[in-house]
Amino acid sequence: MVATGAAKRRRERNELAAALARGPVEVLDFFLPLWAGSALGATPAQVGALTALETLVSLLVRPVSGVLADRFDRGRLAALGAVLYGLSFAGYAVTPGIGPAFGAAVLGGAGGALFWVALRARVGEGLADDSGVFSKLFAAEGAGTWIAFVVAMTLVSRIDYRGVFWLGAAACGMAAAVLLVPSGQRAVTAEQAPKLADLGRRMRPVLGLVALTALAEAGVALLLLLHLQRGHELELSEIAAVFLPGFIVYSTLPDYLHRIVRRMGRTLVLSAALVCSAGFAAGLSFAPNPFVLAGIWVLSAVAFAAAIPVQQSIVAEAAGVSLGRGMGIYESATLLGATVGTFAAGLLYSAGNGWQAACLGAGALLLAGAVLVRPAVRALGVAEYPAEPSPEPEPEPEPEPEPGKPKEPRESEGSGLRNWYVHAGVFVLAQTVFAVLGYGWPIEAVFGGPHDPGWFVNSTGHWLRDVSRIWCYVFVVDTVWTWGSVLWRRRRY
């Protein structure tokens, strides 16, 4: 077994690389249709073909990436994918027209397949030591997403779309540098690993569930974007502000939700998450304004933050020695579901009364997925409860506690406080940036004013100041939860 310190360092590299790559990719998906139409003069058909080409290439390359990830060092393979990602961003930044942009799309599709398949397989290596590795990875991806959106939306008016693409290329280059360290895991030989088709047939029940979840998530996200743009006529920055709280939830809750999985089991949590997300999807169709839409999107993000890491850990556990092939199949199912979901959502929204029908349809699919959870998990034969982390080396002897008094759980307390210190550092840094830009809500709340009571809960007049305000509330809740837990443990023990 890999030493605890080495495993932790490798996990941190994986999470940093995921954050560096995921954020720019999500920003690109958001910006690309707008930029291609305005800067390159592309027609709607050309924009659709551009995004479809990247999806098609990624879908074709992902199974191959899975085989490669079982034969070669996964860290270096993921680094190669990050380099191709970076070249794709650079291609978009320098392209003079729509033609060369198709070449950048091909690079992006291939790079994404290599990067995510190899990275998730590399993360899966640590599943035996820490059953929450995929929850931590999901949180890192969420953190990278909202940070990238804040940076992009702040700078796009000053450096243009092409400048944002150059920043994305630089972030992908940093991700490649982080991963250029061997994982220490022996490559799987062809004799050890099952054939791709055999593994796919074995995991078919859960792959259908994965595709269904991806279909609903991608479809609901696109529906929300279209409704904000066309139904409520919001601008780009205002739309981003609605999505941003959900991305922040992605980065803060997965680790806490994994503790619930360890107590209640995968089947119950996954079923409950899908049922809740179905209710939230249906609720979107009745939301009267963007503030309610933002709130429901946050609740949907909580449900997906619980469900997706569970699915990833189930696939990794079922794949066994063939993590690369397993993750290649998983990524293919995810991409296929997301592609169908966005395509169907666009068609339904264009139809009469399509917003309500599409939201209710997504909710019905998620309910169907909840019914399929138990037979799908049982068919794979994976453990219902994730394994506890491997025991660390015995510490130095400590004084015995008083008779009848249990030992204080210092490790759990220290982990929670370390997470809070990280959150506090990021919070202070971000609020400093907001204040420099002139949109720091706490500065305005303390030194500005006087303010009407509604100013503290409603829009303040600018989306960046609203983001600053929401983040303050989230940080207050995080602080009360963390320190309240610490004080409760100390009082109890």
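Note: the structure precedes this text.
Here is a short report on the structure shown in this document. All values reported here derive from a predicted model rather than from experimental measurement. (Residues numbered from 1 in each chain as written. Predicted model: local features only at pLDDT ≥ 70, side-chain atom pairs only at ≥ 80, totals over all residues. Heavy atoms only, no water.)

1. Structural notes on the packing of aromatic side chains
Here is step 1 of the chain: Overall, the coordinates contain eight aromatic pairs when judged by the stated rule.
Here is step 2 of the chain: Taking the centre distance of 5.1 Å and the plane angle of 90 degrees together, the rings of W35 and F165 count as edge-to-face. Taken together, the positions of W35 in helix 1 (residues 4–38) and F165 in helix 5 (residues 133–179) put the pair 130 residues apart, joining distant regions of the chain. The pair formed by W35 and F165 is uniform in burial state, with each residue classed as buried.
Here is step 3 of the chain: Seen from their ring centres, F427 and F475 are 4.3 Å apart, and the 5 degrees between their planes marks the pair as stacked. Linking F427 in helix 14 (residues 410–437) with F475 in helix 16 (residues 463–492), this pair joins segments that are 48 residues apart in sequence.
Here is step 4 of the chain: Residue classification places F475 among the buried residues on the basis of a relative accessible area of 16%.
Here is step 5 of the chain: Taken together, the ring pairs in this structure connect W35, Y92 and F165 into an aromatic cluster.
Here is step 6 of the chain: Positioned over the ring face of W116 is R22, at 4.1 Å from the centre of the ring. (Phe/Tyr/Trp six-rings, centres within 6.5 Å; stacked < 30°, edge-to-face > 60°. Helix = DSSP H or I, 4+ residues; strand = E, 2+ residues; numbered from the N terminus. Buried < 20%, exposed > 50% of the residue type's maximum accessible area, 1.4 Å probe, protein only. Lys NZ or Arg CZ within 6 Å of the ring centre and 35° of its normal.)

2. Remarks on the nonpolar core
Here is step 1 of the chain: In this structure, F31, Y92, F115, F165 and M203 are the most contacted members of the largest nonpolar core, which totals 139 residues.
Here is step 2 of the chain: The element that contributes the greatest number of residues to this core is helix 5, accounting for 20 residues.
Here is step 3 of the chain: Those residues in contact with Y92 that sit more than four places away from it in its chain are L28, L32, W35, L50, E54, A101, A104, A105, R162 and F165. (Core = buried A, V, L, I, M, F, W, Y, C linked by side-chain atoms within 4.5 Å. Contact = heavy atoms within 4.5 Å.)

3. A short note on the pattern of salt bridges
Here is step 1 of the chain: One pass over the structure, following the stated rule, counts nine salt bridges.
Here is step 2 of the chain: With its nearest N and O atoms 2.9 Å apart, the salt bridge here joins D70 to R325. Residue D70 is found in the loop between helix 2 (44–69) and helix 3 (74–94), and its partner R325 is found in helix 12 (residues 323–350); the two are separated by 255 residues along the sequence. Residue D70 shares its accessibility class with R325, and that shared class is buried.
Here is step 3 of the chain: Note that R120 is salt-bridged to E141, the shortest N-O span being 3.0 Å. Pair noted here: R120 is in helix 4 (residues 98–124) and E141 is in helix 5, with a separation of 21 residues, a long-range link. For the pair R120 and E141, a shared accessibility class is recorded, and that class is buried. (Salt bridge = Lys/Arg side-chain N within 4 Å of Asp/Glu carboxyl O.)

4. A short note on helix 3
Here is step 1 of the chain: With 21 residues, helix 3 should cover 30 Å at 1.5 Å per step; its first-to-last C-alpha distance of 30 Å lies within 8% of that length.
Here is step 2 of the chain: Two to three positions downstream of the cap, the backbone nitrogen of G75 sits 3.1 Å from a side-chain oxygen, assigning the N-cap of helix 3 to D73. (Expected span 1.5 Å × (residues − 1). Polar contact = N/O pair within 3.5 Å; in protein donor to acceptor, adjacent residues only side chain to side chain.)

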